[in-house]
Amino acid sequence: PGRTGGVAWDRRDPNRLYYCKPVEGGDGKSGAFTLSLETGEETLLKTFSGSAGAWVISQDNKYLLIKEYFPEAPLERRTMVHLLSLDGKEDIVLDPKGQIHQLWFTKLPDHSVEFEYEHGGFKPGEYPEGNFMMKKDGTITCIYGGEATWAGHRAHSPSGKLMCPIGRLQVVNKLTGAIT
């Protein structure tokens with residue numbers, strides 16, 4: 001398949017990969033693809049106008065999480081989040097209202113996603129600091145941190161309700177903000 005923007009393994013079919021890459025002749029567009037490791041067949045699932053990268057598949061194997069990046073757009077429109085349906089239902093497109101860095105499913109059963117805003121190279125105050133959760137209705141909530149405090153890489157509990165930030169041995173309840 002050539003150069004890809006992230007790869008995710010199907011949770012039910014060990015012979016299927018999902019990934020994003022530039023679309024041939026797509027004039028800068030990118031696509032989400034699936035590849036059968038058994039047959040070598042590559043299938044285009046969706047085309048994006050920006051630069052798309054696959055992140056992870058939801059715990060229930062219903063969605064492929066994709067971050068679409070628009071480098072020339074104003075800061076508040078640089079990233080879109082896609083929950084690409086893998087079971088034939090409608091895709092969900094979410095607007096995090098800014099350029100985001102890491103992107104993960106929370107592991108909660110509602111398919112909410114977790115991210116932090118990109119702050120490297122930007123001026124203080126251009127983005128809120130912390131870790132954020134966005135639900136499928138587009139609601140964004142700060143789940144950890146704030147000014148000069150954010151988790152960066154973190155471990156998620158199997159239930160999705162808790163996280164443990166790197167660098168700090170503490171457990172954060174993502175639903176209440178309680179720290180233990």
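Please refer to the structure placed before this passage.
Residues numbered from 1 in each chain as written. Predicted model: local features only at pLDDT ≥ 70, side-chain atom pairs only at ≥ 80, totals over all residues. Heavy atoms only, no water.

**Q** Got a minute to help me understand the side chain of Gln-102 in this structure?
**A** Structurally, Gln-102 is set in strand β9 (residues 100-105). The class for Gln-102 is buried, based on a relative accessible area of 5%. For Gln-102, the side chain forms a polar contact with the side chain of Trp-104, separated by 3.2 Å. A distance of 3.3 Å separates polar atoms of two side chains, one belonging to Gln-102 and the other to Glu-116. (Helix = DSSP H or I, 4+ residues; strand = E, 2+ residues; numbered from the N terminus. Buried < 20%, exposed > 50% of the residue type's maximum accessible area, 1.4 Å probe, protein only. Polar contact = N/O pair within 3.5 Å; in protein donor to acceptor, adjacent residues only side chain to side chain.)

**Q** I keep staring at a positive patch on the surface and nothing clicks. Help me out?
**A** The grouping of Arg-12, Lys-62, Lys-89 and Lys-136 at the surface amounts to a positive patch. Inspection of the secondary structure puts Lys-62 in the loop between β5 (51-57) and β6 (63-69). (Patch = residues over 30% accessible without salt bridge, like charges linked within 9 Å, V, L, I, M, F, W, Y side chains within 5 Å. Areas by Shrake-Rupley, 256 points an atom, 1.4 Å probe, with all protein chains shown as cover. Salt bridge = Lys/Arg side-chain N within 4 Å of Asp/Glu carboxyl O. Lys, Arg positive; Asp, Glu negative; His and termini not counted. Charge placed at Lys NZ, Arg CZ, Asp CG, Glu CD.)

**Q** Please clarify how unusual backbone geometry should be interpreted in this entry.
**A** Negative phi characterises most residues that are not glycine, and trans characterises most peptide bonds. Positive phi is not limited to glycine here, since Asn-61 has a value of about 65°. Within the secondary structure layout, Asn-61 lies in the loop between β5 and β6. A positive phi angle is found at Lys-107, which is not glycine, with a value near 80°. Examined against the element boundaries, Lys-107 turns out to sit in the loop between β9 and β10 (113-117). Take Lys-107: its relative accessible area is 30%, and that puts it in the partly exposed class.

**Q** Quick question: what am I supposed to make of the nonpolar core here?
**A** One recurring pattern in soluble globular proteins: nonpolar side chains tend to sit buried together. Leu-65, Val-81, Leu-83, Leu-103, Phe-105, Val-113 and Phe-115 are the most contacted members of the largest nonpolar core, which has 17 residues in total. Elements represented by at least two residues in this core include exactly β6, β7 (79-85), β8 (92-94), β9, β10 and β11 (131-134). Apart from the residues lying within four places of it in its own chain, the contact partners of Val-113 are Leu-65, Val-81, Leu-83, Leu-103, Trp-104, Phe-105, Thr-106, Phe-132, Met-133 and Met-134. Counting residues in hydrophobic clusters, the runner-up holds 11 residues, among them Cys-20, Ala-52, Ala-54 and Ile-57. (Core = buried A, V, L, I, M, F, W, Y, C linked by side-chain atoms within 4.5 Å. Contact = heavy atoms within 4.5 Å.)

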